[in-house]
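# Observations on the three-dimensional arrangement
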Amino acid sequence: MPAGIRVGAPAKLNLYLHVTGRRAGGYHELDSLVTFTALADTLEIAPAETLDLTVTGPFADALDGGGNLAGRAAMALAERLSRPAGVRIALDKRIPVAAGLGGGSADAAAVLRGLARLWGLGAEHAGTLHETALGLGADVPVCFESRAASMAGIGEALSVPPPLPPCAVLLVNPGVPVPTGPVFAARRGPFSAASPIDEAPQDASALAALLRTRRNDLERPALEQVSEIGLVLTRLASAPGCLLARMSGSGGTCFGLFEDEVAAAGAAGAIARDHPAWWVQPTRLVHDGSAAEVVAALAEE
């Protein structure tokens, strides 16, 4: 049995996001095509006497350590299993915080996946893991799977979309956190119809064409909160080889879709030179869940 494991928590992208309704309790219903990227936080999880969470990495300072979803996930699962939350979590935080990339949700989901292995949880605990994930936030269930999914409901209704093609992607954030609550609160107008993708795009260009017939309903209210998002979208859209520029989730990270990683890297270099204060990260889409696999056992007992 491993004394500890290392797991990946890949960044989530909403390739499109329609707000389709609102439930009595205030939760919004969504229709979204979600996938993941090769950019990921990394968590090392090992047994300990008590719950201990340490955070390092480029975005460690943006987190309130005790309130981080990774720690809450360990506590929530331990409570459901009526066992102590004795675990040491070392989080390498590489995904920006409050950025529309599901970083906190991805960390929570990675903790649940890691503890399921560390604590020897079997198929009979699948319901417990799903309920714990949903209780932590709307994005945690899809991040638990970390593979391309059509999302409906408040995030709990996941289905397998048609196969998606390999794509390069350029992530750009203006460096201003965008809290989710105020963005949803600023949304106005009628709700959108669900429009799940029901055909398999053959390449990145075909995927971009399908996505152009859809949108991110939170883009306009996010722009009202952080005007710099508009500049990011304009800069991405004008980059050579960019097939589509869009904001992810509730913002403020925007993404440009590219055919290949060379074009994405070239655009990244130019944007980073022009806007040194922005976070600019070329990467690729990973649809099959492999970015969230257990990387390695840390040690053997």
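One can find the structure itself at the top, above this paragraph.
Here's what I pulled together on the structure shown here.

What counts as what
Residues numbered from 1 in each chain as written. Predicted model: local features only at pLDDT ≥ 70, side-chain atom pairs only at ≥ 80, totals over all residues. Heavy atoms only, no water. Helix = DSSP H or I, 4+ residues; strand = E, 2+ residues; numbered from the N terminus. Buried < 20%, exposed > 50% of the residue type's maximum accessible area, 1.4 Å probe, protein only. Contact = heavy atoms within 4.5 Å. Lys, Arg positive; Asp, Glu negative; His and termini not counted. Charge placed at Lys NZ, Arg CZ, Asp CG, Glu CD. Axes fitted to C-alpha atoms, helices over the stretch in contact; angles between N-to-C directions. Left-handed = near helix turned anticlockwise from the far one by under 90°. Nonpolar A, V, L, I, M, F, W, Y, C, P; charged D, E, K, R; others polar. Parallel < 35°, antiparallel > 145°, perpendicular 65-115°, else oblique. Salt bridge = Lys/Arg side-chain N within 4 Å of Asp/Glu carboxyl O. Expected span 1.5 Å × (residues − 1). Pairing = 2+ DSSP bridges.

### A few points about the overall build of the chain
Counting its secondary structure elements, the chain contains nine helices and eleven strands. Overall size of the chain, expressed as C-alpha extent along the three principal axes, is 55 × 45 × 35 Å. Sorting the 301 residues of the chain into buried and exposed places 51% on the buried side. For the chain, the share of sequence-separated contacts (at least 6 apart) that also reach a separation of at least 24 residues comes to 78%. Placing the 23 positive and 31 negative side-chain charges of the chain at their respective mean positions leaves the two points 4 Å apart.

### Examining the packing of helix α1 (residues 69-81) against helix α2 (residues 103-118)
Where α1 meets α2, the axes come as close as 8 Å, and the angle between the chain directions of the two elements is 40 degrees. For the pair α1 and α2, the sense of crossing is right-handed. Along the contact surface, α1 presents L69, A70, A73, A74 and L77, while α2 presents G104, S105, D107, A108, V111, L112 and L115. Here the contact of α1 with α2 is built from residues that sort into nine nonpolar, two polar and one charged.

### Quick look at the environment of V286
Within the element layout of this structure, V286 appears in strand β10 (residues 279-286). V286 sits in the buried class, given a relative accessible area of 5%. In sequence terms V286 and A38 are 248 residues apart; their C-alpha atoms lie 6.1 Å from each other. Excluding its chain neighbours within four sequence positions, the residues that come into contact with V286 are T35, F36, T37, A38 and A291.

### Considerations on the packing of α1 against helix α3 (residues 126-136)
Helix packing for two helices is described by the angle between their axes and how far apart those axes are. The interhelical angle for the contact between α1 and α3, taken along N-to-C directions, is 140 degrees, at an axis separation of 10 Å. Taken together, the axis directions place α1 and α3 in an arrangement best described as oblique. Considering how the two elements wind past one another, α1 and α3 form a crossing that is right-handed. Contact residues: α1 offers L69, R72, A73, A76, L77, R80 and L81, while α3 offers T128, L129, E131, T132 and L136. Partitioned by chemical class, the residues of the contact of α1 with α3 number seven nonpolar, two polar and three charged.

### Describing the pattern of salt bridges
Summed over the entire model, instances satisfying the criterion amount to ten salt bridges. The salt bridge partner of E44 is R6, with a shortest N-O separation of 2.8 Å. Separated by 38 residues along the polypeptide, E44 in strand β2 (residues 28-47) and R6 in strand β1 (residues 2-22) bring together distant segments of the chain. Here E44 falls in the partly exposed class, since its relative accessible area comes to 30%. The salt bridge involving K93 is made with D41; its shortest N-O contact spans 2.6 Å. One end of the pair, K93, is in the loop between β4 (87-92) and α2; the other, D41, is in strand β2, with 52 residues separating them in the sequence.

### Remarks on α2
With 16 residues, α2 should cover 22 Å at 1.5 Å per step; its first-to-last C-alpha distance of 22 Å lies within 8% of that length. Counting buried residues in α2 gives 14 out of 16 residues, a clear majority hidden from the surface. Looking one or two residues past α2, G120 carries a phi angle of roughly 65 degrees, positive in sign.

### Regarding the environment of E131
Turning to its location among the elements, E131 is positioned in helix α3. With 29 residues separating them in the primary sequence, E131 and G102 have C-alpha atoms 18 Å apart.

### Let's talk about the pairing of strand β5 (residues 149-152)
Where β2 and β5 come together, three bridges link them in antiparallel fashion. Paired with S32 across the strands is M151, a residue of β5. Note that β5 and strand β6 (residues 157-159) share three bridges and pair antiparallel. If you follow S150 over to β6, its bridge partner there is S159. Taking the residues that link successive antiparallel strands as the turn, the β5-β6 hairpin has four residues, and the phi of G153 there is positive, at about 65 degrees.

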